[in-house]
Amino acid sequence: MKEAFLACLIISLSFSLQAQYTEEWSDPVLLTDAESYNSSPEVLVAGNQTYMFYENKFTPDGPSAIYVREIKTMGAETTVLGDAVHSFRNPVVLEFFYPDPGYCLFYEADISGNFDLYALRFNGDLVFEDPFQLTFTSGDESKASYDGNYNSVSWESNGNVLAAKISHSSELIALQDTQTLDFMGCSDPICCNSRIVYLKMQEDSAAVYYSDWDFSQEQWGAPVAMDTTGNNSYCSCDRNMWFFSAEDCIVYEKDGKVFNYFYDEIYALELDGFNGDTHQPHSLIYDIPVDNLPAPVFVTFSSQAEGNDDIFVYWSVWGEPVINVSEDTLV
């Protein structure tokens, strides 16, 4: 969990702060306690406040709760959703501007006996309203991904990948036009603006597929294969695209390497000294290609290249060496 927590946190903080360029990364700061199990951070900048929502549980198999903490002033850790029986997981925050400005926390919970999708509105002072249940199926919904630009959500259920549009007003949040994008062996969907990227098992390997939103038909299009070679995993959209679209800026992992997909071009990022030990990549901001292939300005990934599980950052524009930003002392 630690690798995913730190990788997501670095990207979330960089996105919120508009990726200011610095010569050196600051020392790591402990944002949660070190005794419980914390994961899935989601950072929100609301006015002068910087909130981090995250999952917390006290035993590996115990029920998970969703906590929030103001991390600019390091305020107290506060439970948003949690009890001794049910699990609340995968917090994602979207901001709505029109017609009902405010924030919404999306999450998964097993209150009804199986995991469904929920939404919880709140304001910049963390005043929460009553939650809305978004799905009502007999199976488990999991690994939901949301996009605020197109008000879309995609999730996994029983090996299928589904998608829907988020309908919201001051009185109601609901899903509409739910559509199954692909069947059997599908997992890990990621909403990238008007594209949903996901994995699909083919024999003993996972291929990368996507489905694009058809604006003329107002529905998701047929699945398209993006990379069917090797065993792929951990797809991630670019978080701040400048002149490019998120659906055309994707990084993912294959054979311990970070692969970059950019406008139908696919190539591996060659990072000296890591020898196939780069995992869970995230990217931030793409540069404008002139003579070279396009590349994300920042890439974070986890690796054991220096002996422990650490988080590394690659700043590609200036050809800087890969930097260990976690400097962990624990294996």
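These lines cover the structure that appears in this document, whether it is placed above or below. Keep in mind that this is a model prediction, so the values were computed, not measured.

## Some remarks on the sheet that holds strand β18 (residues 232-237)
Sheet architecture is open: 4 strands sit in the order β18-β19-β20-β21, paired in antiparallel fashion. Two strands bound the open sheet, and with one partner strand each, they are β18 and β21 (265-268). Averaged over all neighbouring strand pairs, the angle between strand axes comes to 25°, with direction disregarded. Across 6 bridges, strand β19 (residues 249-254) lies against strand β20 (residues 257-262) in antiparallel orientation. Residue pairing across strands places tyrosine 252 opposite phenylalanine 259, the latter belonging to β20.

## Remarks on the packing of aromatic side chains
Evaluation of the coordinates by the stated rule reveals 14 aromatic pairs. With a centroid separation of 5.9 Å and 50° between ring planes, the pair formed by tyrosine 54 and tyrosine 67 is classed as tilted. Taken as a pair, tyrosine 54 in strand β2 (residues 49-57) and tyrosine 67 in strand β3 (residues 65-70) lie far apart in primary sequence, 13 residues in all. For the pair formed by tyrosine 54 and tyrosine 67, the shared burial category is buried. A ring pair is formed by phenylalanine 122 and phenylalanine 128, whose centres lie 5.1 Å apart and whose planes are at 40°; its orientation type is tilted. Members of the aromatic cluster, each reached through a chain of ring pairs, are Phe53, Tyr103, Phe122 and Phe128. When the ring centre of tyrosine 210 is taken as reference, the NZ or CZ atom of arginine 195 above it lies at 3.7 Å. Lysine 254 extends its terminal NZ or CZ atom over the ring of phenylalanine 259, reaching a point 4.6 Å from the ring centre.

## Things to note about the environment of aspartate 310
Here aspartate 310 is to be found in strand β24 (residues 310-315). Considering only alpha carbons, one finds aspartate 310 and glutamate 327, 17 residues apart in sequence, at a separation of 6.3 Å. A distance of 3.3 Å separates a polar atom in the side chain of aspartate 310 from a polar atom in the side chain of asparagine 324.

## Structural notes on the side chain of asparagine 160
With respect to the helices and strands, the residue asparagine 160 is situated in strand β11 (residues 160-168). At 2.9 Å, the side chain of asparagine 160 and the backbone nitrogen of methionine 184 are in polar contact. Not counting the four nearest positions on each side in its chain, asparagine 160 is found in contact with Trp155, Thr180, Asp182, Phe183, Met184 and Cys186.

## Some thoughts on the nonpolar core
One broad rule of soluble globular proteins: the nonpolar side chains tend to lie buried together. Counting 18 residues, the largest nonpolar core has Phe106, Tyr146, Val153, Ile166 and Ile173 as its most contacted members. For this core, the secondary structure elements donating two or more residues are β5 (88-96), β6 (102-109), β7 (116-122), β9 (142-147), β10 (152-157), β11 and β12 (173-182). Those residues in contact with isoleucine 173, other than ones at most four positions away along the chain, are Phe96, Cys104, Phe106, Ala119, Arg121, Phe132, Leu134, Ile166, Ser167 and His168. In terms of nonpolar packing, the next biggest core, distinct from the first, is built from 17 residues, Ala46, Tyr51, Ile66 and Val68 among them.

## Some remarks on the side chain of serine 152
Mapped onto the fold, serine 152 is located in strand β10. Exposure remark for serine 152: the relative accessible area of 0% places this residue in the buried category. If we ignore the near neighbours within four places in the chain, the residues touching serine 152 are Ser145, Tyr146, Asp147, Ala164, Lys165, Ile166, Cys191, Asn193 and Trp220.

## Observations regarding unusual backbone geometry
Residue proline 99 is reached from tyrosine 98 by a cis peptide bond, and omega for that bond is 0°. Locating proline 99 in the fold gives a position in the loop between β5 and β6. Even without a glycine there, the phi angle at aspartate 177 is positive, about 55°. Here aspartate 177 is to be found in strand β12. Judged by its relative accessible area of 53%, aspartate 177 falls in the exposed class. Phi at aspartate 255 takes a positive value of approximately 55°, unusual for a residue other than glycine. By secondary structure assignment, the location of aspartate 255 is in the loop between β19 and β20.

Calculation rules
Residues numbered from 1 in each chain as written. Predicted model: local features only at pLDDT ≥ 70, side-chain atom pairs only at ≥ 80, totals over all residues. Heavy atoms only, no water. Pairing = 2+ DSSP bridges. Helix = DSSP H or I, 4+ residues; strand = E, 2+ residues; numbered from the N terminus. Axes fitted to C-alpha atoms, helices over the stretch in contact; angles between N-to-C directions. Phe/Tyr/Trp six-rings, centres within 6.5 Å; stacked < 30°, edge-to-face > 60°. Buried < 20%, exposed > 50% of the residue type's maximum accessible area, 1.4 Å probe, protein only. Lys NZ or Arg CZ within 6 Å of the ring centre and 35° of its normal. Polar contact = N/O pair within 3.5 Å; in protein donor to acceptor, adjacent residues only side chain to side chain. Contact = heavy atoms within 4.5 Å. Core = buried A, V, L, I, M, F, W, Y, C linked by side-chain atoms within 4.5 Å.

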